[in-house]
Amino acid sequence: MNSQEIELVRNSWANVLLHRDEAGNIFYKTLFGLSPEVRDLFKTDLKTQNQKLMSSITLIVTKLNKLDNIQQEVHFLAKRHLNYQVKPEYFDAFGQAFITMLATTFEKFDQWTPAMENAWLKVYRLVSEAMIEALD
């Protein structure tokens, strides 16, 4: 990722956090619609789960300029998700739900752009590839 993409992701994530509850609702509704079988993996209430999701993404976003650190964090995150019985095939639905959450949140403010989508797709690919690698 280049510095412009990192800045775009960081700035846009700050705006998502202003609407975190709504964004989380969009994410989980989309995820469970795409993959109903993953619903059983979530043992805590969705409000608590959303807080964990937002915290994990915030951690990744803050370290985008230090890719080695992200890899370590993501591998640790993946190892935790092994305990939750997350499978590599779930990542497609997660990615679709994540991008849908971002697009829906930003389209309300007429802020979703192709550049923003491309930058976030790069982040998602980076994280998902590292997590899948660690799960295997």
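About the criteria used
- Residues numbered from 1 in each chain as written.
- Predicted model: local features only at pLDDT ≥ 70, side-chain atom pairs only at ≥ 80, totals over all residues.
- Heavy atoms only, no water.
- Helix = DSSP H or I, 4+ residues; strand = E, 2+ residues; numbered from the N terminus.
- Expected span 1.5 Å × (residues − 1).
- Buried < 20%, exposed > 50% of the residue type's maximum accessible area, 1.4 Å probe, protein only.
- pLDDT = per-residue confidence, 0-100.
- Phe/Tyr/Trp six-rings, centres within 6.5 Å; stacked < 30°, edge-to-face > 60°.
- Core = buried A, V, L, I, M, F, W, Y, C linked by side-chain atoms within 4.5 Å.
- Contact = heavy atoms within 4.5 Å.
- Salt bridge = Lys/Arg side-chain N within 4 Å of Asp/Glu carboxyl O.

Before we move on, could you go through helix α2 (residues 20–34) and cite the residues and values that matter?
At 3.6 residues per turn, the α-helix brings residues three or four places apart onto the same side. Over its 15 residues, α2 runs 21 Å from end to end, which matches the ideal 21 Å to within 8%, given 1.5 Å per residue. Listing the buried residues of α2 in full gives Ala23, Gly24, Ile26, Phe27, Tyr28, Thr30, Leu31 and Phe32.

Break down the confidence of the model for the protein for me, with residues and values.
As a general rule, the predicted coordinates of low-pLDDT regions are not to be interpreted in detail. The pLDDT averaged across the protein works out to 88; a share of 95% of its residues lies at or above 70. Mean pLDDT per element in the protein: helix α4 (residues 67–83) is the minimum at 71, and α2 is the maximum at 96.

Explain the packing of aromatic side chains to me, using residue names and the numbers behind them.
Evaluation of the coordinates by the stated rule reveals 10 aromatic pairs. Ring plane angle 15° and centroid distance 6.1 Å describe the contact between Phe94 and Tyr124, whose orientation is recorded as stacked. Here the residue Phe94 occupies a position in helix α5 (residues 91–107), and Tyr124 occupies one in helix α6 (residues 114–135), the gap between them amounting to 30 residues. Overall, the relative accessible area of 26% leaves Phe94 in the partly exposed class. For Tyr124, a relative accessible area of 13% gives the class buried. Ring-pair connections join several aromatic residues into one group, and the members of that group are Trp13, Phe27, Tyr28, Phe32, Phe42, Phe94, Phe98, Trp120 and Tyr124.

Account for the nonpolar core, naming residues and giving values.
Residues Trp13, Phe98, Met101, Leu102 and Trp120 are the most contacted members of the largest nonpolar core, which totals 44 residues. Of all the secondary-structure elements, those providing two or more residues to this core are α1 (3–18), α2, α3 (46–62), α4, α5 and α6. No other element matches α6, which puts 10 residues into this core. Residues contacting Trp13, with those up to four places away along its chain left out, are Met54, Ile57, Thr58, Val61, Phe98, Met101, Leu102 and Trp120.

Report on the pattern of salt bridges, specifying residues and quantitative values.
Pairing between side chains of opposite charge can happen when the charged atoms of each approach one another. Evaluation of the coordinates by the stated rule reveals two salt bridges. Glu5 is paired through a salt bridge with Lys122; the nearest N and O atoms lie 2.6 Å apart. In this pair, Glu5 is assigned in helix α1 and Lys122 in helix α6, connecting sequence segments 117 residues apart. Residue classification places Lys122 among the partly exposed positions, given a relative accessible area of 36%. Of the charged contacts, one joins Glu22 and Lys108 as a salt bridge, the two residues approaching to 1.9 Å between their closest N and O atoms. Taken as a pair, Glu22 in helix α2 and Lys108 in the loop between α5 and α6 lie far apart in primary sequence, 86 residues in all. For Glu22, a relative accessible area of 36% gives the class partly exposed. Judged by its relative accessible area of 48%, Lys108 falls in the partly exposed class.

Got a sec to walk through the environment of Gln96? Specific residues and values, please.
Within the secondary structure layout, Gln96 lies in helix α5. Since its relative accessible area comes to 45%, Gln96 is described here as partly exposed. For the pair formed by Gln96 and Arg39, sequence separation is 57 residues and the distance between their alpha carbons is 16 Å.

So what's going on with α5? Which residues, and what values?
The terminal C-alpha atoms of α5 lie 24 Å apart, and with 17 residues this matches the ideal 24 Å at 1.5 Å per residue to within 8%. For α5, the set of buried residues is Phe91, Ala93, Gly95, Ala97, Phe98, Ile99, Met101, Leu102, Ala103, Thr105 and Phe106. Those residues of α5 that are buried are in contact with α1, α2, α3 and α6.

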